[in-house]
Amino acid sequence: MEANDFPFLLSTASALLAATISACIVGFLFFLLRERLLNGEDINGKWEMSSTTTSSAYNPYIGMELKHDVLVAESHGEISGIMEKKFEKTNSNTGRYYTSSQIVFSEIKGNYQRYYLPCKKDKLHFITTDYGLLRKSHTSYNLTIISSNEMYGSFYSTAANSIGTCHLKKKK
């Protein structure tokens, strides 16, 4: 290494440092843009959830279809709300709507997981405490947010170890 190579090394190191700092600043600006201007989908409001049980320790639950009204509130990634069962169709194809005195309700608690890269969809994870007519149970939901009007996913319930799929559509 010669003495006249030293300024070249300094200019290369300073250019590399400047490029690294610039990349960090641009990355931080993209993060702020996504977090403040493009703050994920608005999931607050009233939804209708349709779910189908695909597996259960209690055979009559397999194939059961349920419909719920869901009220969701999201604040800083935390989810809360309530859910009311309004319709049930058993695997024997008999269905019934619940009257106001028969409605089974659930409390919702969970989180909204935002992804900053467009290659991954935002997720909603929540657990309900279900206050049934005979006992209390819990259900875990894992949903992919398709748009501000639609979500798909799966659930697991402690009621007969039931597993299934669910679809939510926002009500207007």
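The structure under discussion appears in the preceding block.
In this report, we go over the structure that sits alongside the text. All of these numbers come straight from a predicted model, not from anything done at the bench.

What about the overall build of the protein?
Inference 1: The helix and strand tally for the protein stands at one helix and nine strands.
Inference 2: Its helices and strands taken in sequence order, the protein reads α-β-β-β-β-β-β-β-β-β from the N to the C terminus.
Inference 3: Burial statistics for the protein: of 172 residues in total, 28% are counted as buried.
Inference 4: For the protein, long-range pairs separated by at least 24 residues make up 43% of all intrachain contacts whose partners lie at least 6 apart in sequence.
Inference 5: As presented, the protein carries roughly 10,900 Å² of accessible surface, and 61% of it is formed by carbon and sulfur atoms.

Some thoughts on the packing of aromatic side chains
Inference 1: Per the stated rule, a full pass over the model turns up five aromatic pairs.
Inference 2: Three or more aromatic residues joined by ring pairs form one cluster here, namely Phe126, Tyr141 and Phe155.
Inference 3: Note that Arg114 overlies the ring of Tyr112, its terminal NZ or CZ placed 4.1 Å from the centroid.

Remarks on the pairing of strand β8 (residues 150-157)
Inference 1: Strand direction decides the pairing type here: strand β7 (residues 136-147) and β8, joined by eight bridges, are antiparallel. What sits directly across from Thr139, in β8, is Ser157.
Inference 2: Adjacent in sequence and paired antiparallel, β8 and strand β9 (residues 162-170) are bridged by four residues, among which Ala160 carries a positive phi angle near 60°.

Analysis parameters
- Residues numbered from 1 in each chain as written.
- Predicted model: local features only at pLDDT ≥ 70, side-chain atom pairs only at ≥ 80, totals over all residues.
- Heavy atoms only, no water.
- Helix = DSSP H or I, 4+ residues; strand = E, 2+ residues; numbered from the N terminus.
- Buried < 20%, exposed > 50% of the residue type's maximum accessible area, 1.4 Å probe, protein only.
- Contact = heavy atoms within 4.5 Å.
- Areas by Shrake-Rupley, 256 points an atom, 1.4 Å probe, with all protein chains shown as cover.
- Phe/Tyr/Trp six-rings, centres within 6.5 Å; stacked < 30°, edge-to-face > 60°.
- Lys NZ or Arg CZ within 6 Å of the ring centre and 35° of its normal.
- Pairing = 2+ DSSP bridges.

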